[in-house]
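The lines below spell out each chain.
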Amino acid sequence: MKNKFDPKKNYHETQKAIGYVPRKKAAQKDYDRIGFMSGLEVHQQLLTKEKLFCRCPAGVYNPSDIFDSELIRHMRPTLSELGEYDGTALMEFRTRKEIVYRIKNETACTYDVDDTPPFKIDREALEIAIEISLLSKLNIVGEVHITRKQYLDGSIPTGFQRTAIIGVEGEIPLKNKKVRLIQLSIEEDSCREISDVGHVRIYKTDRLGMPLIETVTYPDFANPDEVKEGADYIRFLNRSTGKVRTGIGSARADVNVSCRGGTRVEIKGVAHTRWMPELVHNECFRQWALLHIRELLNKKIKDARKWQISFTYLDYEDFEITYEPLKAARDKKYKFIAVNLPGFKGILSHFTQPGKMFADEICDRLKVIACLEKPNMLHTEQFDQIITDADMKVIAPVLKTGEKDSQIIIWGPEEDMKTALETIEERCRMAFEFVPNETRKSFENGTTIFERVLPGADRMYPDTDSKPIPLENEYIEKLSKNLPVEVSDRYHQLQKWEVPADTYTYILKKNLVPKIDAIVKDLKIDPKFTGTFFGHKVKFVEGHYAKATDFNFDKIYELFKYLKKEKMDLNIAKEMLPVVYEHPKMDFDSVLENMKFRKRTKEQIVAPIGFLKEKYKEIGKKKNPKCETDWVMGQLRKQAVGNISLHDLKSHIEKGKA
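Undergrad: Before we go on, may I ask you to explain the side chain of aspartate 220 in this structure?
TA: With respect to the helices and strands, aspartate 220 occurs in the loop between strand 11 (211-217) and helix 5 (224-240). Take aspartate 220: its relative accessible area is 17%, and that puts it in the buried class. Those residues in contact with aspartate 220 that sit more than four places away from it in its chain are Ser38, Lys177, Val179, Arg180 and Glu226.

Printed below as a string of structure tokens:
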């Protein structure tokens, strides 16, 4: 009797065969082995009063269920300047999506819904983009030419995004190298997606048209940690101007990844740089796994050109159905189809990403292209077997399956089945030839799913509604005189101040170096203490307390100024901060009263030391000086904070002086 195929065993064996290494155990030699290559496209919203090509307010948001009207569109592809269709546009057209826009009159106008031509570009946004380009050591273009970038996913009602290159060929410094920049562009932001179910995708238009910049690097990053470092630097640089938006959704990055023999795959809209190392690590190994699949298939199947699927419609009544999604499909009278994949045994359960296999590549495309909501398929190489041997006794004779074949079962509305079958065959045929160019959606756990075919150059064409904008040398020189200090200089300043390195990311991300510098220079407070206060205490409070809408970092300057004036120990700022953070309008005297703080002289605080030492001799379990000092410190700490430094108090206790 032959051994039964074990999908889980095959998954782990193929994971081992491609040499997958978890990121935390990976070294540079592992990335060199598979030819890791990565570049970035970092998007940052600009802090302007108006949108880029209209006069609607920028940065005004509304809840998804609050809107004045709905607009429905169906997108169709258009020919490029060369008379060709973009692959992404064709894919989106196949989905037959109905696009619904929820419009709030306060934040959208006739330009946003493509009923009027664009206004002149917002000059405030243009100036910010030029300033950031100069900071990035980019060469500023002589004329700004606005172009159209086609988007048929519905995220922009016009079907295209207006964009323009501002600077080209710059660089940013990392710790151990410099990374080249291709360009910086200014463009209008897209709609925010509310839902995407079946053939209906719903957007809200409040974010639509807001100005943002896109900084694009060359693929110079040699490992995942460099990718994060580069993204952080670009974000820090943008924020250093004080002219960009911060908060959820204001900064997003697309990460381009490939391996040796693979292709450029774009991980879209990564909201947090801390996700990047795991995402790019897994994507590079996913491509390496797909190349291994290609090798296996071409060994098994000699003439890939003749390969094709076979399928048959099934009758629900022929099976004992216990799987709930299939019960629901039966009740909805969905079509029920079995598909045979010749020679694919061992391929569907081949490792691709942690917790994912090649079957997921098919499943994801069925969701996006055929609009079959998940779960949308079963297959014969699932770890938890749902297609039983009894089921296969019914299916196998009809499909004429072979020992080396694998099978898939799909279900859905009749009108989607043709596209679903085409999608399955298309993705399997790709597996014989190449790693497909595609855009993928990211998840916090470091995995990705298919989002759409990667757009090509065919989607770009000139915007006939907009004139070129000349940029005179005098204008550029004027803007260059007011640039902030470079991020690298601020990094070195933190080092000079001896501020702990684990605070740098938070301080640079929040653009706090100028605030620290002001406190140090104006109030003569130790820079190490100030930087540590921001990078540790403020960060902690931000993560654990509810921030008042009118709190800003200037309040901390005022807090230190107050403590200096009152000649109070600065450490009490740590106790006061949570109250100030939640109630910034409360005066500092009231904050102290709320904390039940009382002013005491040093003599009043240290007076009980002798008594407390004697008390410890009676009740203390551990008879050693350190434990005694710690216990006495604990008794007097609350009274001391704000009145004398804890270092001085400890010194008094150790000396035993009252």
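Undergrad: Got a minute to help me understand empty space enclosed by the protein in this structure?
TA: Where empty space is left can be seen by rolling a probe of water-molecule size over the atoms. Evaluation of the coordinates by the stated rule reveals three cavities of 30 Å³ or more. Roughly 40 Å³ of internal volume is contained in the second largest cavity. Surrounding the second largest cavity, Tyr111, Asp112, Ile156, Thr158, Glu188, Leu208 and Gly209 form its lining.

Undergrad: In this structure, what is going on with the domain arrangement of the chain? I would like to understand it.
TA: Interface size, as often reported, equals the accessible area lost upon joining of the parts. Under the domain assignment used here, the chain contains domain 1 (7-17 + 297-453), domain 2 (41-245) and domain 3 (492-655). With centres defined by C-alpha atoms, the gap from domain 1 to domain 2 works out at 35 Å. On the domain 2 side, the residues contacting the 16 residues of domain 1 number 14 residues. Summed over both partners, the interface of domain 1 with domain 2 comes to about 1,100 Å²; 49% of that surface belongs to carbon and sulfur atoms. On the surface where domain 1 and domain 2 come into contact, there are two salt bridges. At the boundary of domain 1 and domain 2, one finds five residue pairs in polar contact (both at pLDDT 80 or more). It is helix 10 (residues 414-433) that contributes the most residues to the side of domain 1 that touches domain 2, six residues altogether.

Undergrad: Looking at this structure, I do not really get the environment of leucine 46. What am I missing?
TA: With respect to the secondary-structure elements, leucine 46 resides in the loop between strand 1 (37-45) and strand 2 (69-73). A sequence separation of 78 residues divides leucine 46 from glutamate 124, and the C-alpha atoms of the two residues are 9.2 Å apart. Setting aside its immediate chain neighbours within four residues, leucine 46 contacts Ala125, Ile128, Ala129, Ile132, Ile186, Pro211, Leu212, Ile213, Lys243, Val244 and Arg245.

Undergrad: What should I look at first to understand the side chain of aspartate 189 in this one?
TA: For aspartate 189, the location among the structural elements is in the loop between strand 8 (178-188) and strand 9 (192-197). In this structure the side chain of aspartate 189 is engaged in a polar contact, spanning 2.7 Å, whose partner is the side chain of arginine 252. Apart from residues lying up to four places away in sequence, aspartate 189 is in contact with Gln45, Arg207, Leu208, Gly209, Met210, Leu212 and Arg252.

Undergrad: I tried to follow the sheet that holds strand 9 on my own but got confused; where do I start?
TA: Two pairing modes exist for strands in a sheet, parallel and antiparallel, and in both the strands are linked by backbone hydrogen bonds. Pairing in this open sheet of four strands is mixed, and the strands run 2-3-10-9 from one edge to the other. Taken across any chain shown, the strands that pair with only one partner, and hence form the sheet edges, are strand 2 and strand 9. Strand-to-strand twist in this sheet, taken as the mean axis angle between neighbours without regard to direction, amounts to 20 degrees. In terms of strand pairing, strand 9 meets strand 10 (residues 200-204) through five bridges, oriented antiparallel. Paired with valine 197 across the strands is valine 200, a residue of strand 10.

Undergrad: What's the story with the packing of helix 16 (residues 554-565) against helix 17 (residues 572-582) in this structure? I'm lost.
TA: The geometry of a pair of packed helices is captured by two quantities: the angle between their axes and the separation between those axes. In the contact formed by helix 16 and helix 17, the axes pass within 11 Å of each other and the chain directions differ by 135 degrees. Overall, the two elements helix 16 and helix 17 adopt an arrangement that is oblique. At the point where helix 16 passes helix 17, the crossing takes the right-handed sense. Counted together, Lys555, Ile556, Leu559, Phe560 and Leu563 of helix 16 and Ile572, Ala573, Met576, Leu577 and Val580 of helix 17 form the full contact between these two elements. Considered class by class, the residues forming the contact of helix 16 with helix 17 number nine nonpolar, no polar and one charged.

What counts, and at which threshold
Residues numbered from 1 in each chain as written. Predicted model: local features only at pLDDT ≥ 70, side-chain atom pairs only at ≥ 80, totals over all residues. Heavy atoms only, no water. Helix = DSSP H or I, 4+ residues; strand = E, 2+ residues; numbered from the N terminus. Buried < 20%, exposed > 50% of the residue type's maximum accessible area, 1.4 Å probe, protein only. Contact = heavy atoms within 4.5 Å. 1 Å grid on protein atoms, 1.4 Å probe; cavity = no way out; pocket = protein on both sides within 12 Å on 5 of 7 lines; lining within 4 Å. Points joined across faces, edges and corners; volume = space filled by probe spheres on them. Domains from an automatic or database assignment. Buried area = accessible area lost by both parts, 1.4 Å probe. Salt bridge = Lys/Arg side-chain N within 4 Å of Asp/Glu carboxyl O. Polar contact = N/O pair within 3.5 Å; in protein donor to acceptor, adjacent residues only side chain to side chain. Pairing = 2+ DSSP bridges. Axes fitted to C-alpha atoms, helices over the stretch in contact; angles between N-to-C directions. Parallel < 35°, antiparallel > 145°, perpendicular 65-115°, else oblique. Left-handed = near helix turned anticlockwise from the far one by under 90°. Nonpolar A, V, L, I, M, F, W, Y, C, P; charged D, E, K, R; others polar.

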